[in-house]
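Chain and residue survey
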Amino acid sequence: MDKKLFLQILLDSQVLASLNEQGYDALLRILRQTDLVSSFGFLTKTHENQEVLPVYMQTHVNASKVFSDAQTRQVFSACALIKKAADDLGIELLFLKGAAYCLRQTQNSRGRLFSDIDILVKVEDLNTLESYLNANGWKSKELNDYDDKYYREWSHELPPFTHLATGVSLDIHHTLLPTVSHYRVDIEDLWRNELKLNSGFSVPNHAYLILHSAIHLLLNEDVEKGFRDLLDINLLIIEYMEDEDLERLKAVFCRSGFEFEFDLLIELLNKCFDCRYKLPSTSPSYMLAFWCNAYYKSIFPAMLELQTKTYRALRLLVYIKGHLNKMPFRLFIKHIIYKASRSLTKKLFGDFIFK
Amino acid sequence: MIIDSGLHSFRILGAPEHIKKALVELYGRTDERKFADFQIRLNRNGLRKFLKPQVSIEIEGQQPFNPVPPEKLLPSIEWAMNWCVAAYEHNHLLIHASVVERNNKSIIFPAQSGSGKSTLSTYLALNGWHLFYDEMAVIDLKSQKTIPIFRPSSLKNESINIIAGLKKPINMSDVTVETHKGAIAHVMPHTRKIYQSLSPCKPCAVISISYRQGCNTEIVELDKAVGMSSMLLNAFNYSVIGSSAFDSMVELSNSVRFFEVTYSNMQDLALFLAELVNGSVDG
């Protein structure tokens, strides 16, 4: 199955009628690798209409919905626990990304799987929160000295926490990119535009939800789940934005210096989902074309069926770009040498030598 | 190659020839159908090809297990297949247990690894019973029937000698030594033809077993609430399925009897189990 057919299936469920057993097999493999089986069920409405898919495929879509429903319940429960912590401490807190989609019950939250809960707090509240979590059933992830330094010194963030009773994983942020990065997110503007839900939880408004997802997609070194990020953004724009709102969305991106990322995002959306957004671009067209192609070929799973000959080279390029987005060049060199030596050690002595 | 276990099919890619041979010997046949419920890919690690080679096991893009040397692959593939079922099969309730059947009634033995359930269920399967599955009770939520699965039992360490010592004709794989669970061998206690004659059926009993060398067989019947709670401690996906799992298990608990059994003599225990399925054990 190639990328075009996969994208066509997500956009138009009638294409499913053209698939045979081999096609459904390839589709299931891709959906599993992208954690999109249940999302697929909602996008194609095959959760409701059980006669579209053959039985052998429908059974897996049904099983995936059971799992994603359970995860949604767990997210609500975990967010209530975390909100209680913030209320006890009297600190402000926003839920980000997957948790925010779930709490806000966005279209893209349906069927979504969650690996952790991301929250945003004020930088001055980090230490207070860390002490509270350590004393109330949470444990910070054990890190080696290097990774601890990465979090605390370069990102000025806390390492991830795990709730000992429930296993929920919590990532605590005070901004959307590491502070050593040359980007400066206008985090005050994000806080000024927070959305308080009827349920009592607070999340960023839809523009900042999209910005954060775009940062995750375009300024990260790991694009393993890149397609899911792009799908999230596409669905958020469709749900919350009219065409004229895209100018305001661009303004939010530009406030924090992400002009190029906004233009690149539009190019990618048009290429993948045939969106036909037309906005004037201020970025050099050759740069947009190059990086659009690079991301288009990198964000799909590393399956043989979807790989091109340049896949690995472009993944490496995106990997380097992602790191350079988050840290100065000097630090990047040190980081790459460290990572490369660990990778070589694993290749020689086994993948799990450090575990 | 595709392994057909009845309820699920598993595509195994990259298997070395000795593993393919072992799988065909256990499962009778494999096929090359176009749709597989699960896919497991075995990858030889690059630089390690020449120095203590290892094979990594990729399951639907994930690697939940440590890599292993090629000679230890068979148990790892069997564990990978179990992992697929536990990770993705949420249309049925899955309980960590062995399940055997006789007279169209099944008995569920929920237990942790090392309890002796595999030895007992393999013994029973070679003495007039049918093995439904050695790793899990796969339960239909609407009917509470246990589903037969065509997979071998997994024997560890001394239990390999115990079953081999029965001197019955059996389909047992070669022993894989020095796995993290010790020596492992797999036994397919019946042919695919016999498997195809089996039907899902309701359990008549749920029995927590505990092997203790030299003891007499001690049987304690449990209160239904206690029995159900104890059984669900071994459930893989009870909280995933949620309230419909609770409702289904209440129905099941109302129709089965729960026991705790300590034993050392499988033959003795088998007599009790036969009486259970015959309905001749008083309450």
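Not measured: the values here are computed from a predicted model.

**Structural notes on the domain arrangement of chain B**
Residue and element names in this part refer to chain B. You can read the domains of chain B as domain 1 (1-88) and domain 2 (91-283). Taking the mean C-alpha position of each, domain 1 and domain 2 sit 25 Å from one another. Here domain 1 and domain 2 share an interface that buries about 2000 Å² over both sides, 60% of which is from carbon and sulfur atoms. Sorting the residues of domain 1 by area buried against domain 2 places Leu7, Leu26 and Trp79 first, and these three jointly supply 29% of that buried surface. Linking domain 1 to domain 2 there are two salt bridges. Residue Asp4 pairs with Arg192 through a salt bridge whose shortest N-O separation is 3.7 Å. Our count for the domain 1 to domain 2 interface comes out at 10 residue pairs in polar contact (both at pLDDT 80 or more). The set of elements that each furnish at least two residues to the side of domain 1 that touches domain 2 consists of α1 (17-27) and α2 (73-88). By residue number, the principal contributor to the side of domain 1 that touches domain 2 is α2, which donates eight residues. Looking at the side of domain 1 that touches domain 2 residue by residue, the classes come out as 10 nonpolar, three polar and six charged.

**Describing the sheet that holds strand β2 (residues 9-13) of chain B**
Residue and element names in this part refer to chain B. In spatial order, the strands read β1-β2-β3-β4; together these four strands make up an open sheet with mixed pairing. Of all strands in the sheet, those with a lone pairing partner are β1 (2-4) and β4 (55-59), marking the two edges. Looking at each pair of strands side by side, their axes are set apart by 20° on average, direction ignored. Of the pairings in the sheet, the one linking β1 to β2 comprises three bridges and is antiparallel in character. Note on β2: the bridge partner recorded for Ile2 is Arg11.

**With respect to helix α8 (residues 243-255) of chain B**
Residues and elements named next belong to chain B. In a regular helix each residue adds 1.5 Å, so 13 residues correspond to 18 Å; α8 covers 19 Å between its end C-alpha atoms and thus fits that length. Regarding α8, the residues found buried are Ala245, Ser248, Met249, Leu252 and Ser253. Each buried residue of α8 sits inside an arc of 140° when the element is viewed along its axis, so together they form one side. Those residues of α8 that are exposed and angled more than 90 degrees off the buried face are Ser243 and Asn254.

**A look at the nonpolar core**
Of all hydrophobic cores here, the largest spans 108 residues; its most connected members are Leu27, Phe95 and Ile117 of chain A. Within the second largest apolar cluster, 57 residues are counted, among which are Leu26, Leu74, Ile95 and Val138 of chain B.

**Some thoughts on unusual backbone geometry**
Residue and element names in this part refer to chain B. Of note in the backbone geometry, Asn103 takes a positive phi value of approximately 50° without being a glycine. Here Asn103 is to be found in the loop between β5 (92-102) and β6 (105-110). Non-glycine residue Gln144 carries a positive phi angle of around 60°. By secondary structure assignment, the location of Gln144 is in the loop between β8 (136-140) and β9 (153-156). We classify Gln144 as buried; its relative accessible area is 7%.

**Considering the pattern of salt bridges**
One pass over the structure, following the stated rule, counts 27 salt bridges over all chains. Across the pair Lys84 of chain A and Asp88 of chain A runs a salt bridge whose closest N-O atoms are separated by 2.8 Å. Linking Lys84 of chain A with Asp88 of chain A, this pair stays in helix α4 (residues 55-89), spanning four residues, or about one helical turn. According to the relative accessible area criterion, Asp88 of chain A is partly exposed, its value standing at 46%. One salt-bridge network, held together by shared partners, links Asp25, Arg29 and Arg32 of chain A together with Arg11 and Glu60 of chain B.

**Thoughts on the pairing of strand β12 (residues 182-188) of chain B**
Residues and elements named next belong to chain B. In terms of residue burial, β12 counts as a mostly covered element, since seven of its seven residues are buried. For β9 and β12, the ladder comprises four bridges, and the chain directions are antiparallel. Following the sheet pairing, Leu155 is matched in β12 by Ala185. Inspection of the sheet shows strand β10 (residues 171-172) paired to β12 by two bridges, in the antiparallel sense. What sits directly across from Asn171, in β12, is Met188. Judged from the two bridges that link them, strand β11 (residues 176-179) and β12 form a sheet pairing that is antiparallel. Pairing of Thr176 across the sheet is with Ile184, part of β12.

**A look at empty space enclosed by the protein**
All names here are of chain B. Tallying each qualifying case throughout the model produces one cavity of 30 Å³ or more. Here the largest cavity defines a volume of roughly 30 Å³. Ser5, Leu7, His8, Phe10, Val85, Tyr133, Val138, Ile149 and Arg151 are the residues that line the largest cavity. When its residues are assigned to classes, the lining of the largest cavity shows six nonpolar, two polar and one charged. Two domains share the lining of the largest cavity, each providing at least three of its residues, namely domain 1 (1-88) and domain 2 (91-283).

About the thresholds
Residues numbered from 1 in each chain as written. Chains lettered and ligands numbered in written order. Predicted model: local features only at pLDDT ≥ 70, side-chain atom pairs only at ≥ 80, totals over all residues. Heavy atoms only, no water. Domains from an automatic or database assignment. Buried area = accessible area lost by both parts, 1.4 Å probe. Salt bridge = Lys/Arg side-chain N within 4 Å of Asp/Glu carboxyl O. Polar contact = N/O pair within 3.5 Å; in protein donor to acceptor, adjacent residues only side chain to side chain. Helix = DSSP H or I, 4+ residues; strand = E, 2+ residues; numbered from the N terminus. Nonpolar A, V, L, I, M, F, W, Y, C, P; charged D, E, K, R; others polar. Pairing = 2+ DSSP bridges. Axes fitted to C-alpha atoms, helices over the stretch in contact; angles between N-to-C directions. Expected span 1.5 Å × (residues − 1). Buried < 20%, exposed > 50% of the residue type's maximum accessible area, 1.4 Å probe, protein only. Arc of directions from axis to C-beta. Core = buried A, V, L, I, M, F, W, Y, C linked by side-chain atoms within 4.5 Å. 1 Å grid on protein atoms, 1.4 Å probe; cavity = no way out; pocket = protein on both sides within 12 Å on 5 of 7 lines; lining within 4 Å. Points joined across faces, edges and corners; volume = space filled by probe spheres on them.

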